[in-house]
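Observations on chain architecture
Letter by letter, the chains look like this.
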Amino acid sequence: MREATPCARTAQNNLVRFVRAVVTHAPVRLEPGAAADTLVLHGKGPQPGKPPRPVAGSTVRQALSLGLLRLDGSVIRPTAQALPFLRRALVGAPDAYQEQHRDIETATADVEGVRQAVRVNHLESPLGAAARLKEKSGQPFLPEEAIAAGERLHADFTRAHLQPRLTMSYEPRLSTKTKGGAGGAGDISDSAMSARFRVGKAMEAIGPELCGVALDVCCFQKGLEIVERERQWPARSAKLMLRTALMALARHYAPPPAAPRRNHAWGAEGYRPDAGDW
């Protein structure tokens, strides 16, 4: 790919700075500047000691033509494409289009028995996105044990080979089902069968009313909005159902300790008859 010229890089940098300023201070007002083909950018609210920012008219026209901004009279506002554009521009090629859909955080994890730094994408799955939800108090909407239970269910579901196949298989059939057989169950490995058993027990623990939303979000990777639309649920109700399901699943994986058993003696002292009285 041919390298961009210095003039093109300067124009791109000016565009990024302009879009970033509009996104940060939106809505902003544009007025004609003193120089030819120059506009002046006025941010919202008073900014003592900070003069208005001049911007070239070509930069404004480029942002409007790309659909990054929209102009209403003299007020300019960002569109839905502005934030993805800034993410791509700040990250840079070749992973720009991938990084705009990621929420990366550096963490530590055990990799083959060794603690190593790893990059965690919180938006990799709908469960990861749900884990970022907050209560009004600022506390996480889903407790840690609920997230861990959902991840464990997803791991068992994947290990059990229960994901539907989306493409045709051209591999030769190495075995066929026999009449009266178990429906091909003999071809499944022991680990997959154990995982299927664990998934089944987990669904029983959650219950028939809530196991569907746990499967949709944790296993089939459906977003909460999609679950609500498919099940015709009210808006923002799927997250409540998901939390209830995952909390029941967490109790299934880690049952609370049983209460100590007490021995009650209801009789008073000397209530037992003496054998010598008979």
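Bear in mind that the values here come from a model prediction, so they are computed numbers and not experimental data. (Residues numbered from 1 in each chain as written. Predicted model: local features only at pLDDT ≥ 70, side-chain atom pairs only at ≥ 80, totals over all residues. Heavy atoms only, no water.)

As for the overall build of the chain
Cut-off, in case you're wondering: Numbering of helices and strands runs from the N terminus; a helix is a DSSP stretch of H or I covering at least four residues, while a strand is a stretch of E covering at least two. Residue exposure (1.4 Å probe, protein chains only): buried if accessible area is under 20% of the type maximum, exposed if over 50%, otherwise partly exposed. Working rule for contacts: check all heavy atoms of both residues, and any pair within 4.5 Å makes them a contact. Residue-level accessible areas treat just the shown protein chains as cover; the underlying method is Shrake-Rupley with a 1.4 Å probe.
Summing up its helical and strand segments, the chain has ten helices and seven strands in all. In the chain, buried positions account for 26% of the 278 residues. A separation of at least 24 residues holds for 48% of the contacts in the chain among residues at least 6 apart in sequence. For the chain, the exposed area adds up to about 19,900 Å²; of that, 54% sits on carbon and sulfur atoms.

Observations regarding the side chain of Thr59
Note on placement: Thr59 falls in helix H2 (residues 57-65). Setting aside anything within four residues of it in sequence, one finds Thr59 in contact with Asn14, Leu15 and Phe18.

Thoughts on the confidence of the model for the chain
It should be kept in mind that the predicted coordinates are not to be read in detail where pLDDT is low. We apply this condition: The predictor rates its confidence in each residue with pLDDT, a number between 0 and 100.
Looking at the chain, pLDDT values average 75 and 64% of them are 70 or higher. Helix H10 (residues 238-253) holds the highest mean pLDDT among the elements of the chain, 94, whereas helix H4 (residues 96-99) holds the lowest, 46. Under a pLDDT of 50 for its full length, residues 45-49 has, in the predicted model, one contact with residues more than four places off or in other chains. Confidence drops under pLDDT 50 across residues 96-101; counting only partners more than four residues distant or on other chains, this segment forms ten contacts.

Considering the environment of Glu230
The test is simple: Any pair of N or O atoms that falls within 3.5 Å is considered a polar contact. Within protein, one atom must be able to donate a hydrogen and the other to accept it, and sequence-neighbouring residues count only if both atoms are side-chain atoms.
Examined against the element boundaries, Glu230 turns out to sit in helix H9 (residues 224-231). The class of Glu230 is partly exposed, set by a relative accessible area of 48%. Looking at Glu230, its side chain comes within polar contact range of the side chain of Lys222, at 2.9 Å.

A word on the environment of Ile76
Mapped onto the fold, Ile76 is located in strand E5 (residues 75-78). Classification of Ile76 by relative accessible area gives buried; the value is 0%. Along the sequence, Ile76 and Pro27 sit 49 residues apart, while their C-alpha atoms lie 6.1 Å from each other. If we skip the residues at most four places from it in the chain, Ile76 touches Phe18, Val22, Pro27, Val28, Leu30, Val60, Leu64, Leu69, Arg70 and Leu71.

Comments concerning unusual backbone geometry
Even without glycine at this site, His161 takes up a positive phi of about 60 degrees. As for its position among the elements, His161 is in the loop between helix H6 (144-159) and helix H7 (190-206). Take His161: its relative accessible area is 57%, and that puts it in the exposed class.

Quick word on the environment of Ala146
Looking at where Ala146 falls in the secondary structure, it is placed in helix H6. Distance in space between the C-alpha atoms of Ala146 and Leu242 is 9.3 Å, their sequence separation being 96 residues. When sequence neighbours within four positions are dropped, the list of residues in contact with Ala146 reads Leu246 and Met247.

What to know about the packing of aromatic side chains
So the rule is basically this: The aromatic pairing rule takes the rings of Phe, Tyr and Trp, using the six-membered ring of Trp, and pairs them if the centres are within 6.5 Å, calling planes under 30 degrees apart stacked, those over 60 edge-to-face and the rest tilted. In this scheme, the term charge over a ring applies when either NZ of a lysine or CZ of an arginine sits within 6 Å of the ring centre and within 35 degrees of the ring normal.
Applying the stated criterion across every chain, the model contains one aromatic pair. When the centroid spacing of 5.3 Å and the interplanar angle of 75 degrees are considered together, the rings of Phe157 and Phe220 count as edge-to-face. Placement of Phe157 in helix H6 and of Phe220 in the loop between helix H8 (211-219) and H9 is noted, with a sequence separation of 63 residues between them. Overall, the relative accessible area of 4% leaves Phe157 in the buried class. Judged by relative accessible area, Phe220 falls into the partly exposed class, the value being 34%. Just above the ring of Phe141 sits the side chain of Lys239; from NZ or CZ to the centre is 5.2 Å. The ring of Phe141 has Arg243 lying over it, and the distance from NZ or CZ to the ring centre is 4.1 Å.

With respect to the pattern of salt bridges
To keep it simple, the criterion reads: Take a side-chain nitrogen of Lys or Arg and a carboxyl oxygen of Asp or Glu: if they are within 4 Å of each other, that pair is a salt bridge.
Inspection of every chain in the model, using the stated rule, returns nine salt bridges. Across the salt bridge formed by Lys222 and Asp216, the nearest N and O atoms sit 3.8 Å from each other. Lys222 sits in the partly exposed class, given a relative accessible area of 23%. Owing to a relative accessible area of 8%, Asp216 belongs among the buried residues under this scheme. Between Asp216 and Arg231 there is a salt bridge, with its nearest N and O atoms 3.0 Å apart. Of the two residues, Asp216 sits in helix H8 while Arg231 sits in helix H9, which places them 15 residues apart along the sequence.

As for the side chain of Asp216
In terms of polar contacts, Asp216 uses its side chain to reach the side chain of Arg231, at 3.0 Å. If near-sequence neighbours (up to four positions away) are discounted, Asp216 is found in contact with Gln221, Lys222, Val227 and Arg231.

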